[in-house]
Structures are given as C-alpha cells and as structure tokens.
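Examination of the molecular architecture
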Amino acid sequence: MFFSSLALVDKNPSISGMRYDTIDPSFFTKNRAGLVDRLKPNSLVIIHANDLLPTNADGSIPFRQNNDLFYFTGVDQEQTVFLIFPDAQQERDREVLFVRETSEKIAVWEGDMLNKEQAEGVSGIKNVQWSANFEAFLHRLAPQVEHIYLHTNEHISASNIVETRNGRFIKECMERYPLHRYERVAPLTNELRMIKDVEEIRFLQKAVDITEAGFRRVLGFIKPGVGEWEIEAEYIHEFIKSKSRGFAYTPIIGSGKNGCVLHYLENEAICQDGEMVLMDVGAEYGNWNADMTRTVPVNGKFTDRQRDVYNAVLRVMRGANTILRPEIKPTDYQEQVIGMMSQELVGLGLVEQADVDKAVTPEEKKAVISEYFMHGTSHHLGLDVHDVSPFNSPVKVGNVFTIEPGIYIRKEGLAVRLEDDVFIGEEENINLFENFPIEVEEIEALMQG
C-alpha cells in the first residue's frame, strides 16, 4: 500500500500545536496552482471564512472553517479572507491572505491566533494582511480585473437557509461593482477537491485509524442493557483521546427497529438481547473525515437470520468495490449495485424473482427493492463527509468513496448496513478500512473474548 510509508510527523509544533500533524504548505500551494489553471484571464477570486454561528444567549457553535478556504490556505480560524489575482501587475497582489489581527487581550480571552509569520508558514502565501485591510485591497484591485469569482455552497444536498458570510459578500460586491463579470468558483473547487493528494490520504487514514480504535473499544462494551447513548460516549472518549476533535458527523447508534431509520439521531434506547445495533460513526482528523457503518449483535452472537442478512450485505459491499472503478458513472454504478442487491433479497425471501425479472427500467428495478434498500451506495469523502464533486462525474483515480449498502426489514426490527472508505487506485481500490474486523466470526470473537 502506497500510504504505509507516510510518516505522521509534527513538523512545526509552534504553528500546529500538538493535536494534529502539520500539513506541508506545498499542499496548499499546489491546490492554488490548480485553481489558477482553471480561471479565465484577468480574474480575481475571493473566498471568505465561515461565520461563527450563535446558539442562544451569548453561546455559539464551535467554529468550522469553510472547506474551500481551508483547501487553498490551511488556515482554520474565523474572519479569514483568501484573495487570488494571477494576472496582477505587482507580484505581491497575486495571492493575498487576510487574517484576524491578534493582540494580547485576544490571547487572554480566546487563546493564540495566527500572526502574519505563522499564517505565511501554514499557507505558503507571502502577502499576509490583517482582515481590516481587505476592503482597501478590494477597492484597489477590483477595477483592474474583468472577472470576479465568488463562493457559494453548490452541493446538491445543501440547505442554504442561513445566509453565509460569502452570501452577504456576494450582495455587497455586486452592488459595489455592478459592471464586472461574475463567475462561480464552486465548480472549479469541486473538480479539484474530488482528486485526493497523498497528504489528504494521510489525514483520511488517520481519521479511519481513530475510528477503528473506537469500534474495537465498543465491541468489548456492547451488551444487553446498555444505552445507545452509552455506546456513543465510548466512541467520543476514544476519538478525543486519540487527538480527534470528535465526530465527523452526528453519530447514528440504532438498535433493533431504530436501525431501520436512516437518519436516526436520538440514540436514546436501551439495547435489547437478540437485537442488532447499527452504528454509523466516524472520527474527524485535521478537518478530514472517516465514515464508517458497522452492525453487530447486542449479545455478541449472530442468530441464523442475522448472519444471513449480514453476509448478504457484506457480499454486496464487496461486489460494489469491484465495479466502483475509474470511468464508471455513479448512476450506472448504482444500477449495478441494485442488481446485486435484488438477488440477495430474493435469496433472503424478501422479494420475488418474478418481480425482479419484470423490472426493465432503472426506476422499475429500484422500486422492486426500495422497501428494503432505498438509498445510494456511495458518495465522495474528504473535507466534507458528503464531499463535493461535479454531478454524476465519472469515477477517477484519486477519488475516495464510501461503499455502504444496507438491508432494512422493518417488520422484523432488523437492519444491517456496512460501510468502508476506499481510495480509487489505478490497478485496484485500496480499502482504508483494511484492518477493521468485519467477518461474522471476527465480530463474535472480539465481542465474546
């Protein structure tokens, strides 16, 4: 495996602290070069950090950076702006990073923020300014350009109910400079981010390894009578102990019938003897994310029915891995997975072979099995759990995908979903979950041992 020789070394603890490994700034420099290659001549790109979002009273949600800004700069703090103007006459104007001005008072109340030298060290951008200077730079540079690229969240499943800092800036910029030609930066960043660099795989593998530690921990903890929330607590303990910031997404811990609810988030039931517990959980590491699903028997021993359903899902997952290869389109891939799942459901006595044979169109084939398998099998993974990509773009070498088939039998209170994360290699896919126990016998031995 080409990842195995990558050293996890903290190269500059004065900048990164001790929690995460340092990212080589050449990674961000390369990402910016890829963006420049895709811009129209005489263009200016502007991307703002995310807002610090309020909750109630004087509370706020922990800050989460705009992933596109992070991808180009490595800066993980609020009030940051990234500006790139490749055709600028003065070299110092071609890349500018604006960061929040720090002070002794801010250090006392909020901790250390990046100074200009540290921001340059993280990002590789030589011209670092305080955020207060952004307006003056914009007013000087905007008249020199023809195209202005602005940032919006164009993910197919995005919910843009709350206006973002970038959204506010779009209105302000277009009002202030109405005669410029405005462009969308999202299609360019989506194309860039879907191909993963070795540095990204290093961080993804770290997130996966931390997730593995959590999974192995809970295998020795789960038993009849424990609460779903207690299992969640075991994961978060292991994740944070292992230098993760925590969950990559809100965890799903669903026992019995709760496992049949795709987005079950309450995690409030008691796990009962004879049930299965479905755990859709992943750790983050340095802003990259793992995405795992495992389903295990609460009492540590599969019944014959549970074993049959589990192995059916496992066969589909492994079969999907053989066809999720370069140049296949996601829609064609999903149709083939549905074909594999249809035969497994026939074998389990859940659908009739005659109904499968009568289905001709993709919609008809999907409808035959939709009671038991109703979601997509794979999505891109990276800085976002459901990572960005052009719609229905063919699979490429360098992509990282999840593979997550499932069978949900509501009338039996039985759900099984399994999920691995795979790197699409030239010769074969590389499973980042290679070290995870997944066979029935492995699960039983670890739970009972």
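All values reported here derive from a predicted model rather than from experimental measurement.

Read from one edge of the open sheet, 3 strands run β12-β15-β16, paired in antiparallel fashion. At either end of the open sheet lies a strand with only one pairing partner, and these are β12 (400-403) and β16 (429-431). With direction set aside, neighbouring strand axes in the sheet form an average angle of 35°. Examined bridge by bridge, β12 and strand β15 (residues 420-424) share 4 bridges and lie antiparallel to one another. Bridge pairing in β15 links T402 to D421. Running at roughly 155° to β12, helix α11 (residues 304-323) makes contact with β12, β15 and β16 of the sheet.

A word on a nonpolar patch on the surface. Taken together, the side chains of L53, I61, I161 and V162 define a hydrophobic patch exposed on the protein surface, amounting to about 400 Å² of accessible area. With respect to the helices and strands, V162 occurs in the loop between β5 (147-150) and α7 (165-176). By relative accessible area, V162 is classed as exposed at 57%.

Following the sequence through the fold, T189 ends up in helix α8 (residues 186-193). A residue is classified by how much of its surface remains accessible, and T189, at 0% relative accessible area, is buried. A distance of 3.3 Å separates a polar atom in the side chain of T189 from a polar atom in the side chain of D68.

Before going further, it helps to spend a moment on the sheet that holds strand β7 (residues 252-255). Strands sit in the order β7-β8-β11 across an open sheet of 3 strands; the sheet is antiparallel. Only two strands of the sheet have a single partner each, and these edge strands are β7 and β11 (292-297). Between one strand and the next, the sheet's axes are offset by a mean angle of 10°, whatever the strand orientation. Here 6 bridges tie strand β8 (residues 276-281) to β11, and the two strands are oriented antiparallel to one another. The residue bridging V281 from the neighbouring strand is M292, located in β11. The strands that helix α9 (residues 198-219) touches are β8 and β11; relative to β11, the one it contacts most, it runs at about 10°.

Let us now look at the pairing of strand β13 (residues 406-409). Side-chain positions along a regular strand alternate between the two faces of the sheet. Side chains of β13 alternate between two faces, with G406 and Y408 and I407 and I409 buried alike. Sheet topology places β13 next to strand β14 (residues 414-417); 4 bridges connect them, and they run antiparallel. Counted as the bridge partner of Y408 is A415 from β14. Remark: 4 residues form the turn of the hairpin made by β13 and β14, two consecutive strands paired antiparallel; G413 in that turn has positive phi of roughly 60°.

Vacant regions in the atomic arrangement are exposed by a probe of water-molecule size rolled over the atoms. Considered as a void within the structure, the largest pocket measures approximately 1,600 Å³ in volume. Only α8, α12 (330-347) and α14 (362-369) provide two or more residues apiece to the lining of the largest pocket. Among the elements that take part in the lining of the largest pocket, α12 stands out by supplying 6 residues, more than any other. Within the lining of the largest pocket, the residues separate by chemical class into 19 nonpolar, 17 polar and 12 charged. Its boundaries defined by the atoms lining it, the second largest pocket holds a volume of some 1,400 Å³. Contributing elements (two or more residues each) for the lining of the second largest pocket: α3 (67-73), α7 and α8. A class-by-class count of the residues in the lining of the second largest pocket yields 14 nonpolar, 20 polar and 10 charged.

Here the focus is the pairing of strand β2 (residues 81-84). Every second residue of β2 is oriented toward a common face, with V81 and L83 on one face and F82 and I84 on the other, all of them buried. Pairing geometry for strand β1 (residues 43-48) and β2, over 4 bridges, is antiparallel. Bridge assignment links I47 to a residue of β2, and that residue is F82. Pairing of β2 with strand β3 (residues 95-99), which is carried by 4 bridges, proceeds in the antiparallel orientation. Note that in β3 the partner of V81 across the bridge is F98.

What follows concerns the pattern of salt bridges. Considering all chains together, one arrives at 34 salt bridges under this definition. Note that E444 is salt-bridged to K301, the shortest N-O span being 3.6 Å. In this pair, E444 is assigned in helix α15 (residues 440-448) and K301 in the loop between β11 and α11, connecting sequence segments 143 residues apart. When its relative accessible area of 9% is taken as the criterion, E444 is described as buried. Residue K301 is classed as partly exposed on the basis of its relative accessible area of 45%. Close ionic contact of E444 with R307 constitutes a salt bridge, the shortest N to O distance being 3.7 Å. Here the residue E444 occupies a position in helix α15, and R307 occupies one in helix α11, the gap between them amounting to 137 residues. A network of salt bridges, in which partner residues are shared, links D68, R193, K196, D384 and D387.

Reading the values: rules and limits
Residues numbered from 1 in each chain as written. Predicted model: local features only at pLDDT ≥ 70, side-chain atom pairs only at ≥ 80, totals over all residues. Heavy atoms only, no water. Pairing = 2+ DSSP bridges. Helix = DSSP H or I, 4+ residues; strand = E, 2+ residues; numbered from the N terminus. Axes fitted to C-alpha atoms, helices over the stretch in contact; angles between N-to-C directions. Contact = heavy atoms within 4.5 Å. Patch = residues over 30% accessible without salt bridge, like charges linked within 9 Å, V, L, I, M, F, W, Y side chains within 5 Å. Areas by Shrake-Rupley, 256 points an atom, 1.4 Å probe, with all protein chains shown as cover. Salt bridge = Lys/Arg side-chain N within 4 Å of Asp/Glu carboxyl O. Buried < 20%, exposed > 50% of the residue type's maximum accessible area, 1.4 Å probe, protein only. Polar contact = N/O pair within 3.5 Å; in protein donor to acceptor, adjacent residues only side chain to side chain. 1 Å grid on protein atoms, 1.4 Å probe; cavity = no way out; pocket = protein on both sides within 12 Å on 5 of 7 lines; lining within 4 Å. Points joined across faces, edges and corners; volume = space filled by probe spheres on them. Nonpolar A, V, L, I, M, F, W, Y, C, P; charged D, E, K, R; others polar.

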